[in-house]
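# Structural overview for review
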Amino acid sequence: MPLSREEPPKKPPLIGALLRVPAMAIHRKLIRDLRASGFEDLSPPHMAVIQYPGPDGLRPSALAERAAMSKQAMNQLLKTLEAMGYITRSAGPDESGGTVVHFTDRGRAAYQKMADILLDVEREWAQELGQKRFTELKTLLGDLWDTPLIR
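For every chain, the first residue of the written sequence is number 1, and numbering continues from 1 along that sequence. Residue-level local features of this predicted model are given only where pLDDT is at least 70; pairs of side-chain atoms are given and counted only at 80 or more, and the full residue set underlies all totals for whole chains, interfaces and linings. Neither water nor hydrogens contribute to the side-chain values; these are computed over all heavy atoms in the structure.

This part takes up the packing of helix α1 (residues 15-36) against helix α5 (residues 105-129). Orientation is described by axes fitted as lines to C-alpha atoms, over the contacting stretch for helices, and by angles from 0 to 180 degrees between their N-to-C directions. Numbering goes from the N terminus for both helices and strands, where a helix is a DSSP run of H or I of at least four residues and a strand is a run of E of at least two. Two elements in contact, α1 and α5, have axes separated by 10 Å at closest approach and are oriented at 130°. One way to sum up the angle between α1 and α5 is to call them oblique. Considering only the axes of α1 and α5, their crossing is right-handed. Where α1 approaches α5, its residues Pro 22, Ile 26, Lys 29, Leu 30, Asp 33 and Leu 34 are matched on the opposing element by Ala 110, Lys 113, Met 114, Ile 117, Leu 118, Val 121 and Trp 125. Three classes are used: nonpolar for Ala, Val, Leu, Ile, Met, Phe, Trp, Tyr, Cys and Pro, charged for Asp, Glu, Lys and Arg, and polar for all others, with Gly counted as polar. Of the residues assigned to the contact of α1 with α5, the class counts are 10 nonpolar, no polar and 3 charged. Any angle between 65 and 115 degrees counts as roughly perpendicular, while under 35 counts as roughly parallel, over 145 as roughly antiparallel, and the rest as oblique. Crossings are classed by handedness, with left-handed meaning an anticlockwise turn of the near helix from the far one by less than a right angle and right-handed meaning a clockwise turn. Residues are treated as being in contact if the distance between any of their heavy atoms lies within 4.5 Å.

Below, the structure written as structure tokens:
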């Protein structure tokens, strides 16, 4: 008797797709608009470092954990961003011998431009959904930030 595999539901999409598709659209818009604003050298992998809340004062290991990537991959991204003038790395404030990451002026400018782009996205989505529904969406997603799955 052949094994039967149950097909995953096609409609409506499961929560992973419902969150992933808008997130990917935001990433594409961020890169496109950043490049159009003079940050031509930024690419999608760099968002792992520059994303909210930014890298200022964090150790590379904390950034790697936040981005769900290896320390080696994060250090390569940091090396690239440092060479491009977005971040600096320096000795940590304590005597543990570790390094911390900080934005340069160029990095802060890119981060601010990202915030501006995201505010544009919020205005567009509020117009699309209506302000009340958009506010509810943000509230519900914010409520998930302190749940076991996110922590």
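Next comes the rest of the description.
Moving on to the environment of Asp 94. Mapped onto the secondary structure, Asp 94 falls in the loop between β1 (87-91) and β2 (99-103). C-alpha of Asp 94 to C-alpha of Asn 75: the two residues are 19 residues apart in sequence and 20 Å apart in space.

As a further point, take the side chain of Thr 104. Within the secondary structure, Thr 104 is located in the loop between β2 and α5. A distance of 2.4 Å separates a polar side-chain atom of Thr 104 from the backbone oxygen of Gly 85. N or O atoms within 3.5 Å of each other form a polar contact, as long as, within protein, one can give a hydrogen and the other can take it, and as long as residues adjacent in sequence are counted only when both atoms are side-chain atoms.

On to the side chain of Lys 29. For Lys 29, the position within the fold is in helix α1. Buried means the residue's accessible area, taken with a 1.4 Å probe over protein chains only, is under 20% of the maximum for its type, while exposed means over 50%, and partly exposed covers the values in between. Assessed through its relative accessible area of 19%, Lys 29 is described here as buried. Beyond its immediate chain neighbours, meaning those up to four positions away, Lys 29 contacts Ile 117 and Val 121.

Salt bridges are identified by distance alone: a Lys or Arg side-chain nitrogen within 4 Å of an Asp or Glu carboxyl oxygen. This model, assessed by the stated rule, comprises 8 salt bridges. In this structure, Asp 41 engages Arg 106 in a salt bridge whose closest nitrogen and oxygen atoms are separated by 3.6 Å. Within this pair, whereas Asp 41 is found in the loop between α1 and α2 (47-50), its partner Arg 106 is found in helix α5, the two being separated by 65 residues in sequence. Judged by relative accessible area, which is 31%, Arg 106 ranks as partly exposed.

Let us now look at unusual backbone geometry. Omega for the peptide link from Tyr 52 to Pro 53 comes to 5°, which places this bond in the cis form. Mapped onto the secondary structure, Pro 53 falls in the loop between α2 and α3 (60-67). In this model, Ala 68 sits at a positive phi of 55°, which is unusual for a non-glycine residue. Relative to the elements of secondary structure, Ala 68 occurs in the loop between α3 and α4 (71-83). Judged by its relative accessible area of 71%, Ala 68 falls in the exposed class.

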